[in-house]
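# Commentary on secondary and tertiary structure
Residues per chain are reported as follows:
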Amino acid sequence: MAIEPALEKDYEYFQSIRAGLLKEHAGKFALIRNGEVVGFYDTDEAAYEEGVKRFGNVPILIARIELEERVVRIPTLQLGLLNAGS
Amino acid sequence: MPVHNWGLGAGPGQPDPSLLERHGPVIPAQIEIPTVLAQQMQRAGAPVPQPVTGNALIDTGATLSAVDAQVLTSLGIASTGIVPVWTPSGPTRQPVFASKVAIPAMRLVVEIPRVLGAQLQGAGIIALLGRDFLRHTLFEYNGTLGILTLAY
């Protein structure tokens with residue numbers, strides 16, 4: 001699915017400040033919208049709840065503050081294994 | 001602890017291990033908008049999109065769950081982030097979405113803060129349930145008897 005340009009911008013912004021956030025907010029989830037950090041939360045769910053309360057159903061960036069981003073692995077999809085052999 | 005068993009077969013009580021081997025751990029599921037979003041829509045007097053029902057494949061190899069892109073579009077859920085996704089040619093970035101997965105047969109509801117959108121309907125499923133879903137459950141794949149068990 002396509003990434004909305006505003007979300008892409010917020011993602012780039014987060015990448016630019018991530019190292020600086022590590023000192024005080026490592027392990028937390030940052031909520032970012034329109035190039036501003038709205039807050040830091042203990043869980044994904046708490047960040048999402050705040051995002052929906054403040055902005056409604058619009059693209060928001062929720063990102064975990066950690067040294068390296070976790071790469072998602074779904075071999076079934078990425079290797080085209082759905083229905084393989086059927 | 002609610003426990004539910006599924007067995008693909010010719011009839012009730014007649015699970016067929018070869019069908020489980022062929023189709024994999026597929027269970028009836030429902031994809032909905034997250035509870036917090038539904039509540040906000042209700043407060044605003046906006047119509048809440050109806051859940052989408054279909055089959056979901058349990059995938060212990062997936063770190064993250066995926067929902068069919070058409071389902072996400074029909075529910076109108078806005079994206080909540082970007083994640084790097086591994087592919088054979090290197091990582092790519094993809095948007096993620098909050099969603100709610102329900103297993104009606106056992107009244108299990110799991111709010112998942114980030115799922116990927118993927119083209120799944122060609123495979124006859126609406127969702128791929130990964131380890132982010134499974135962390136809320138106990139899951140048993142009994143290939144010998146052709147039975148799946150889910151508990152929480």
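Cut-offs and rules
Residues numbered from 1 in each chain as written. Chains lettered and ligands numbered in written order. Predicted model: local features only at pLDDT ≥ 70, side-chain atom pairs only at ≥ 80, totals over all residues. Heavy atoms only, no water. Helix = DSSP H or I, 4+ residues; strand = E, 2+ residues; numbered from the N terminus. Rg over C-alpha atoms; globule rule 2.2 N^0.38 Å. Buried < 20%, exposed > 50% of the residue type's maximum accessible area, 1.4 Å probe, protein only. Contact = heavy atoms within 4.5 Å. Buried area = accessible area lost by both parts, 1.4 Å probe. Salt bridge = Lys/Arg side-chain N within 4 Å of Asp/Glu carboxyl O.

As a further point, take the overall build of chain A. The secondary structure content of chain A amounts to three helices and three strands. Sequence-ordered secondary structure for chain A, helices as α and strands as β, is α-β-β-α-β-α. At 16 Å, chain A has a C-alpha radius of gyration far larger than the 12 Å of a compact globule built from 86 residues. Looking at the 86 residues of chain A, the share that counts as buried comes to 36%.

Contacts between chain A and chain B engage 34 residues on the former and 43 residues on the latter. The junction of chain A with chain B conceals about 3300 Å² of combined surface from both sides, 66% of it contributed by carbon and sulfur atoms. When the buried area of chain A at its contact with chain B is split by residue, Met1, Tyr48 and Asn57 of chain A rank highest and sum to 21% of it. Remark: the boundary between chain A and chain B carries three salt bridges. The closest approach of N and O atoms between Glu12 of chain A and Arg93 of chain B, which form a salt bridge, is 3.1 Å. Elements with a contribution of two residues or more to the side of chain A that touches chain B: α1 (5-25), α2 (44-55), β3 (61-64) and α3 (75-78) of chain A. For the side of chain A that touches chain B, the leading source of residues is α2 of chain A, giving five residues.

Any link to function would need more than the numbers given here.
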